[in-house]
Amino acid sequence: MLLDLQGRVDTEETHHKVESRLVFLGLLPALVAMCSLKSLKKLTPLAVLGTALVGAAVVAVVVNAAPAFRQPAATRAAGPLADLPIFFSMAVYCFEGIGLALPIENAMQSKAQFRAVWLGAMAGGTPPYVG
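What this report covers is the structure whose coordinates are included nearby. Since this is a predicted model, take the numbers as computed values, not measurements.

Digging into the overall build of the protein chain
No. 1: Looking only at helices and strands, the protein chain has 7 helices and 0 strands in total.
No. 2: When the helices and strands of the protein chain are listed from N to C terminus, the series reads α-α-α-α-α-α-α.
No. 3: Out of the 131 residues belonging to the protein chain, those deemed buried represent 6%.
No. 4: Here the analysis covers contacts within the protein chain between residues at least 6 apart in sequence; of these, 31% occur between residues at least 24 apart.
No. 5: When the accessible surface of the protein chain is split by element, carbon and sulfur atoms take 70% of a total near 11,200 Å².

This is the structure we're talking about:
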């Protein structure tokens, strides 16, 4: 996270160099404050903020990707082989939450429906990475 943030600040246009240690020290008080909260209910506003920021990021990605969809002839059907590791890392990240499946199954009222729900979630999550 720090290196990503550092890469976004250290651009040729801004001519700013930020050390990752300084970024970490800047974020440390907020991290310590969040870790010291004893109730998860107090983290709810931060979770809402995080969800809103993720939604804004999705909108930004769609807006930036829209020109590629307007010119389908200019896009290739497949990328170079050098991008294959990125594809697999994205796919692994997509299915990273697989460890949450058992608690969800145990919390379901009808455990018999879990397989259908699980396969539906997998079928819904796979096409964006394959297509």
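As for the packing of aromatic side chains
No. 1: Under the definition given, this model contains 1 aromatic pair.
No. 2: Centre to centre, the rings of F114 and W118 are 5.8 Å apart; their planes meet at 25 degrees, and the pair counts as stacked. Placement of both F114 and W118 in helix α6 (residues 114–125) is noted, with a separation of 4 residues, approximately one turn of the helix.
No. 3: Take W118: its relative accessible area is 26%, and that puts it in the partly exposed class.

Considering a nonpolar patch on the surface
No. 1: A contiguous nonpolar surface patch, about 890 Å² in accessible area, is contributed by L22, F24, L25, L28, L31, V32, M34, L46, L49 and L53.
No. 2: Those elements that place two or more of their residues in the nonpolar patch are α2 (20–35) and α3 (44–70).
No. 3: No other element matches the 7 residues that α2 contributes to the nonpolar patch.
No. 4: You can see L49 is positioned in helix α3.
No. 5: Given the relative accessible area of 46%, L49 is considered partly exposed.

Here's the deal with α3
Side chains that are three or four residues apart share a direction in an α-helix, a result of its 3.6 residues per turn.
No. 1: The terminal C-alpha atoms of α3, which comprises 27 residues, lie 39 Å apart, in line with the 39 Å expected from a rise of 1.5 Å per residue.
No. 2: The largest bend along α3 measures about 30 degrees and falls at N64, with the proline P67 one to four residues further on.

Analysis parameters
Residues numbered from 1 in each chain as written. Predicted model: local features only at pLDDT ≥ 70, side-chain atom pairs only at ≥ 80, totals over all residues. Heavy atoms only, no water. Helix = DSSP H or I, 4+ residues; strand = E, 2+ residues; numbered from the N terminus. Buried < 20%, exposed > 50% of the residue type's maximum accessible area, 1.4 Å probe, protein only. Contact = heavy atoms within 4.5 Å. Areas by Shrake-Rupley, 256 points an atom, 1.4 Å probe, with all protein chains shown as cover. Phe/Tyr/Trp six-rings, centres within 6.5 Å; stacked < 30°, edge-to-face > 60°. Patch = residues over 30% accessible without salt bridge, like charges linked within 9 Å, V, L, I, M, F, W, Y side chains within 5 Å. Salt bridge = Lys/Arg side-chain N within 4 Å of Asp/Glu carboxyl O. Expected span 1.5 Å × (residues − 1). Bend = angle between axes of the 7 residues up to and from the residue.

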